[in-house]
Amino acid sequence: MKKIYVVQVELPTFINKVVHITTGYKYNHFSISLDENLEELYSFQVRNMNTVLVGGFLKEKEGFYLHGEKNLELKEFIYEIPVSDSEYEKIYEFIKEVERDKEYIFNYISALFMFSFGGIKGYKAFHCTEFVAEVLALLDDIKLPRKAHLMRPKDLHSILVKYKCEEKIISSEKVDVSRRNLFYKKIKIFSAIKKILYCLRESICRVTLKRASKN
């Protein structure tokens, strides 16, 4: 018997603040880890703190959640889920397959409409809740009430709450925010705008045409 870990946290971003205002629920980011020390977390989110709408698969560190802000504390919920050896292997292979496939992007269109009429499944595109829900769908003991792309953060929390093993505070004073990481790399404004427009166009293509664009 092995264990996997899901981390739920509030992100100090503009998008997360908008979601909090519109839904009253602020703990909207999920990631998953295969080790109890949470040395490496896997999720779909912004790949650089300077390009809000450029996201995809990311191997996270807890310091990423602070987004470079000083004097900040965030509450983090950690869920410990027992899995069989075969389930652990399936999860590992799924995560590694997504990591290897560079076509995967962040599903912005689904994230945008998730809180109005539900998410929209896109070709090789996830947002963080959808990605973690896809992982949990591989487990025999967890039954999702709806398809992974229709799961909302509060829905996922209601499933995970019985597995909660720890609450902790991550602080910018205690977590190492390494400026060597590409997550904190400075990006020129013109380049950032080009990346954002590309990601929005690509996300629309993924949910409407169910394929990647020719470009």
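As a starting point, this report considers the structure included with it. Just so it is clear, the model here is predicted, and its values are computed rather than measured.

### Concerning the overall build of the protein
Part 1 of the reasoning: If you tally the helices and strands in the protein, you get six helices and eight strands.
Part 2 of the reasoning: Secondary structure of the protein in N-to-C order comes out as β-α-β-β-β-β-α-β-α-β-α-α-β-α.
Part 3 of the reasoning: Taking 215 residues into account, the globule formula puts the C-alpha radius of gyration at 17 Å, and the protein, at 17 Å, falls close to it.
Part 4 of the reasoning: Its C-alpha atoms give the protein principal-axis dimensions of roughly 50 × 45 × 35 Å.
Part 5 of the reasoning: Buried positions account for 49% of the 215 residues belonging to the protein.
Part 6 of the reasoning: Sequence separation of 24 or more characterises 67% of the internal contacts of the protein that already satisfy a separation of 6 or more.

### Points about the side chain of Glu-202
Part 1 of the reasoning: With respect to the helices, strands and loops of the structure, Glu-202 is situated in helix α6 (residues 189-208).
Part 2 of the reasoning: Look at Glu-202 and you get buried, because its relative accessible area is 2%.
Part 3 of the reasoning: The contacts of Glu-202, once residues within four sequence positions are left out, are Ile-105, Ala-212 and Ser-213.

### Thoughts on the pairing of strand β2 (residues 29-33)
Part 1 of the reasoning: For β2, the tally of buried residues reaches five of five residues, placing the bulk of the element in the interior.
Part 2 of the reasoning: The alternating pattern of β2 places His-29, Ser-31 and Ser-33 on one face and Phe-30 and Ile-32 on the opposite face, and all of these are buried.

### Concerning the packing of helix α2 (residues 85-100) against helix α4 (residues 128-136)
Part 1 of the reasoning: It is the contact of α2 with α4, at a shortest axis distance of 10 Å, that shows an interaxial angle of 145 degrees. Contact residues: α2 offers Ile-91, Phe-94, Ile-95 and Val-98, while α4 offers Phe-131, Glu-134 and Val-135.
Part 2 of the reasoning: Considering only residue class, the contact of α2 with α4 consists of six nonpolar, no polar and one charged.

### So, the side chain of Ser-110
Part 1 of the reasoning: Its place among the elements puts Ser-110 in helix α3 (residues 108-113).
Part 2 of the reasoning: Reaching out from Ser-110, the side chain makes a polar contact with the backbone nitrogen of Ile-120 at a distance of 2.9 Å.

### Things to note about the packing of aromatic side chains
Part 1 of the reasoning: By the definition in use, this model includes 12 aromatic pairs.
Part 2 of the reasoning: Seen in terms of ring centroids, Phe-44 and Phe-57 are 5.9 Å apart; in terms of plane orientation they differ by 75 degrees. Their pairing is edge-to-face. In this pair, Phe-44 is assigned in strand β3 (residues 41-46) and Phe-57 in strand β4 (residues 55-60), connecting sequence segments 13 residues apart.
Part 3 of the reasoning: For Phe-44, a relative accessible area of 0% corresponds to the buried category.
Part 4 of the reasoning: Phe-57 sits in the buried class, given a relative accessible area of 10%.

### Digging into empty space enclosed by the protein
Part 1 of the reasoning: What the rule picks out here adds up to one cavity of 30 Å³ or more.
Part 2 of the reasoning: Of the voids in this model, the largest cavity is the one considered here, and its volume is about 40 Å³.
Part 3 of the reasoning: Take the lining of the largest cavity: its biggest share by element is three residues, from strand β5 (residues 73-83).
Part 4 of the reasoning: When the residues that make up the lining of the largest cavity are grouped by side-chain class, the tally is six nonpolar, no polar and two charged.

### Considerations on the packing of α4 against helix α5 (residues 153-160)
Part 1 of the reasoning: The geometry of α4 relative to α5 is characterised by a closest axis approach of 10 Å and an angle of 35 degrees between their N-to-C directions. As for how α4 packs across α5, the hand of that crossing is left-handed. Listed contacts from α5 to Thr-129, Val-132, Ala-133 and Leu-136 of α4 are Pro-153, Leu-156 and Leu-160.
Part 2 of the reasoning: Partitioning the contact of α4 with α5 into residue classes produces six nonpolar, one polar and no charged.

### Here's the deal with the nonpolar core
Part 1 of the reasoning: Within the largest apolar cluster, 38 residues are counted, with the highest numbers of intra-cluster contacts made by Ile-4, Val-6, Ile-81, Ile-95, Phe-131 and Leu-136.
Part 2 of the reasoning: Among the secondary structure elements, those contributing two or more residues to this core are β1 (2-9), β2, β3, β5, α2, α4 and α5.
Part 3 of the reasoning: Setting aside its immediate chain neighbours within four residues, Ile-95 contacts Ile-32, Leu-34, Tyr-42, Phe-57 and Phe-131.
Part 4 of the reasoning: Counting 12 residues, the second largest nonpolar core, distinct from the first, contains Val-9, Leu-38, Leu-41 and Leu-74.

Cut-offs and rules
- Residues numbered from 1 in each chain as written.
- Predicted model: local features only at pLDDT ≥ 70, side-chain atom pairs only at ≥ 80, totals over all residues.
- Heavy atoms only, no water.
- Helix = DSSP H or I, 4+ residues; strand = E, 2+ residues; numbered from the N terminus.
- Rg over C-alpha atoms; globule rule 2.2 N^0.38 Å.
- Buried < 20%, exposed > 50% of the residue type's maximum accessible area, 1.4 Å probe, protein only.
- Contact = heavy atoms within 4.5 Å.
- Axes fitted to C-alpha atoms, helices over the stretch in contact; angles between N-to-C directions.
- Nonpolar A, V, L, I, M, F, W, Y, C, P; charged D, E, K, R; others polar.
- Polar contact = N/O pair within 3.5 Å; in protein donor to acceptor, adjacent residues only side chain to side chain.
- Phe/Tyr/Trp six-rings, centres within 6.5 Å; stacked < 30°, edge-to-face > 60°.
- 1 Å grid on protein atoms, 1.4 Å probe; cavity = no way out; pocket = protein on both sides within 12 Å on 5 of 7 lines; lining within 4 Å.
- Points joined across faces, edges and corners; volume = space filled by probe spheres on them.
- Left-handed = near helix turned anticlockwise from the far one by under 90°.
- Core = buried A, V, L, I, M, F, W, Y, C linked by side-chain atoms within 4.5 Å.

Coordinates in, geometry out; function isn't part of it.
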